[in-house]
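# Survey of secondary and tertiary structure
Take a look at the letters that make up each chain.
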Amino acid sequence: MNKSKLLKRFRMLSRVMSNRGDITINLTGNRCYTDYNSITLPVGDLENPDYLELLEGAIDHEVGHLRWTDRTWTAKSYEKGAFFNAIRNGIEDIRMERMVCLEWPGAILNLSKMVTQGIKKGWFSKPTDSFPPPLLLQAVVVYYGRYKINDQVQLKEFCEIALALLTDCIGQKPVHDLILLLDTIPALQSNQHSYELTEQIIQLLKKIEFKPGDSQGNDSGDSQGDNSGDSQGDNSGDSQGDNSDDSQGDNSDDSQGDNSGDSQGDDSGDSQGDDSGDSQGNDSGDSQGQNSSVSQQVINFVNECLNADESQLMADLHEQVNNELEKMADEVRSSNDMEQLIDFNAPLISKNDSGTVGTAELNLAKRLSTPISRELHKIIYGLDRKSVNFSKQGRTVEANRLAGVKAGNFNVFKSERFTKAPTMAISVLVDRSSSMSAVEMNGANTSALAINLAIDKLKGVNSECIYFSAGDLYEAKCFKSTTKAVKDNFRVSSRGGTHTGLSLYSVIRRLSLRVEQKKVVFIITDGQASDLKYLEKSIEMSELLGIQIVCIGINTGMLYGFENQELLNIQTVEELPSILKQVIKNKLIA
C-alpha cells in the first residue's frame, strides 16, 4: 500500500473509531497524550506494520477508556498503593476492552494485534518461578482475564503457567477462589465495579491462612498419624507387653523388685522414652516445623504483594504503547515529507430538539412508503443469488445429465449455492438550514418520514434519520426505534447554516461502525454546502469505507460539492418513489 493510501486510511481511522461525538482524535506530531476530550497520537512510519497495528489498537483502547472509564475511581485506586492500582487497572482494561469489542466488533482484531505486539516486545512475558509474588499475581489477573474473558488466545500458555506457579505458592483453594472472582468481570458495569472487585481480591489474600487438610496441611496430619501413632502402638506398647509382663511372669519369685522393676524401668521405660518420645519429637515435630514454614511462606507471599512497589509489577499497557509509538515517531521525525493529519471536530448529536414545530404530511408519507418499500424490496432481495454447478464428484446426481455419460460427460453431480441479500444500514441526512423554505421543509420532512416508514417494512434493513444545519445534529429516529413510534419527531423547522460536510462526516463515522454489510446515506437538501472543504474529505472517506451516497435535491438543479454523485431532483414529494428507484438500484448493486 503506497503512502497516499495509507494516509487516507489513517485519516479515516482517526475519525471513525470514536463513537462519542465529543472526542477528537488527532494523528499528528510525535507525542501521545489525552486531555480527556481528545486523543493525540504520533505519526510514525506508515510503511511499518508494527506501527500500524499499535496505532489501531491504541485508538480502540484509549477511546474505550474515555468512553467507559470513570477517572474518579482511578484516582482513588492510586491512593491505595501500587499493587492495588495494578490489579484494578488490569481488571478495568479487560472490562473496558470487552465493552469496546461488544460495540465495535472490528476492534477485536485490533486489540488482539496489540496484545501480539505486547508479547513480541516483552510487555507480556512468560511467567517463571523467579517472578516476585506481586508480579505473579498480577500476571494471573491480566493473562486469565485477557485469555478467558476477552478471547486473546495468544496468552493461553502464559495464563496456564501463571496459574500453576501461583497454586504452588498459595495453594489450590485460594487460586480457585481468585478465579471465581475474576469470572465476574463480564458482569462489571463501571470502573467503580473494577475497584470493588479489587477490594475483594485483596480481602481474599488477607484471609489466606494455614488449615489442616489443605494442601499445605498434609505434612503435619500425615506425620502425626503415621509416625507418632505407630510409635506408640508398636514400640511403647510392645515394650510394655513383651518385657514387663515376661519379667513379672518368669522371675517374680526370685527378683520381683529388681527384674520387674528393671524391666519396666529399662525396657518399657526406655522404649517409651526413646522410641515413642523420639518419634513424637522428631517426626511430628519436624512436620509441624515444616508446616509452619509453609504457612510462613504464604504469609510472606501475601505481605510482598500488599507492600509491592512499581518496580515489582508489570508496567501499564497504556504507557507501554504510548512510549513505543512515541519512539517510532521519533525515528521518522527527520522525514520532511511526513504529512500531519489533524482531525476536524464533528458536531454533537442530540435526541432533543426545540425546533420540532414544523410540518410533515403523515398520511401522504404512509401512502408513499408502500411503493417505496416495494421498489426497495425488489432491489434488495433481488440481490439473492443462486448458483448451480456440475462436477465429477459430489452427493447429488442430476438425472437429466446421465444420458451424457456415454458421450464422456461425467459432470453429473449437482451442487447449489445460495447467497442471501446483504443486510443494510441506511442513514437519512436531512438539511434543515434557513435556506429551506417552509414548503421545502415540509417536503423534506415528509420525504424523510416516507423513506424511514418504507425501510421499517424490510427485513434485515435498519435506518436512522438525522437533521443538520450549522449547529449540533438532531436525531429524529435512531436505528433501534421504529418510525411509527417517533413520527412526530419529523416535524422539523429550518434554521442556521448548511454544514453538510461536517454532518456527513458524523453520519459516515456512525455507519462505519455498524455490523450491516451494505451502508447507504440518503441526503435530502436544497443546495450548496457552506463547508465544501469538509464535504470533499467526507465524500472521500465514504468512498474508502464503501459507503454509498444518494443525493435527493429539493427544487434544485445542482448540489454543490456533489458534482460526481448521482442526483435525484424532485419538485414534489409524490415524485419520490418513481425517481428513487433507478438511483437506489445503481447504488446498491454497484
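Quantities reported herein were computed from a predicted structural model and do not represent experimental measurements. (Residues numbered from 1 in each chain as written. Predicted model: local features only at pLDDT ≥ 70, side-chain atom pairs only at ≥ 80, totals over all residues. Heavy atoms only, no water.)

### Focus: the confidence of the model for the chain
Atomic detail in the predicted coordinates should be set aside for any region of low pLDDT. Looking at the chain as a whole, the pLDDT averages 77, with 69% of positions reaching at least 70. Counting contacts from residues 17-21, a segment whose pLDDT is below 50, to residues more than four positions away or on other chains yields 21 contacts. Overall, residues 210-287 carries pLDDT values under 50, and its contacts beyond four positions in sequence, including any with other chains, amount to 88 contacts. (pLDDT = per-residue confidence, 0-100. Contact = heavy atoms within 4.5 Å.)

### Overview of the packing of helix α2 (residues 49-68) against helix α11 (residues 317-331)
Each pair of packed helices can be described by the angle between their axes along with the distance between the axes. The N-to-C vectors of α2 and α11 enclose an angle of 140 degrees; their axes lie 10 Å apart at closest approach. Considering the angle they form, α2 stands oblique to α11. Between α2 and α11 lies a crossing whose hand is left-handed. Residues Asp-50, Tyr-51, Leu-54, Leu-55, Ala-58, His-61 and Glu-62 of α2 lie in contact with α11, whose contacting residues are Leu-317, His-318, Val-321, Glu-324, Leu-325 and Met-328. (Axes fitted to C-alpha atoms, helices over the stretch in contact; angles between N-to-C directions. Helix = DSSP H or I, 4+ residues; strand = E, 2+ residues; numbered from the N terminus. Parallel < 35°, antiparallel > 145°, perpendicular 65-115°, else oblique. Left-handed = near helix turned anticlockwise from the far one by under 90°.)

### Focus on the packing of aromatic side chains
Inspection of every chain in the model, using the stated rule, returns five aromatic pairs. Look at Phe-124 and Tyr-143: their rings are 6.2 Å apart centre to centre, the planes differ by 70 degrees, and that puts the pair in the edge-to-face class. Residue Phe-124 is found in the loop between α5 (107-120) and α6 (133-149), and its partner Tyr-143 is found in helix α6; the two are separated by 19 residues along the sequence. Under the relative-accessibility criterion, Phe-124 is labelled buried at 4%. Measuring from centroid to centroid gives 6.1 Å for Tyr-467 and Tyr-474, while their planes differ by 35 degrees, and the two rings are tilted. One aromatic cluster is present, built from ring pairs that chain together Trp-73, Phe-84 and Tyr-195. Over the face of the ring belonging to Trp-73 we find Lys-76, whose NZ or CZ atom lies 4.0 Å from the ring centre. The ring of Phe-84 is capped by Lys-80, whose NZ or CZ atom sits 5.7 Å from the centre of that ring. (Phe/Tyr/Trp six-rings, centres within 6.5 Å; stacked < 30°, edge-to-face > 60°. Buried < 20%, exposed > 50% of the residue type's maximum accessible area, 1.4 Å probe, protein only. Lys NZ or Arg CZ within 6 Å of the ring centre and 35° of its normal.)

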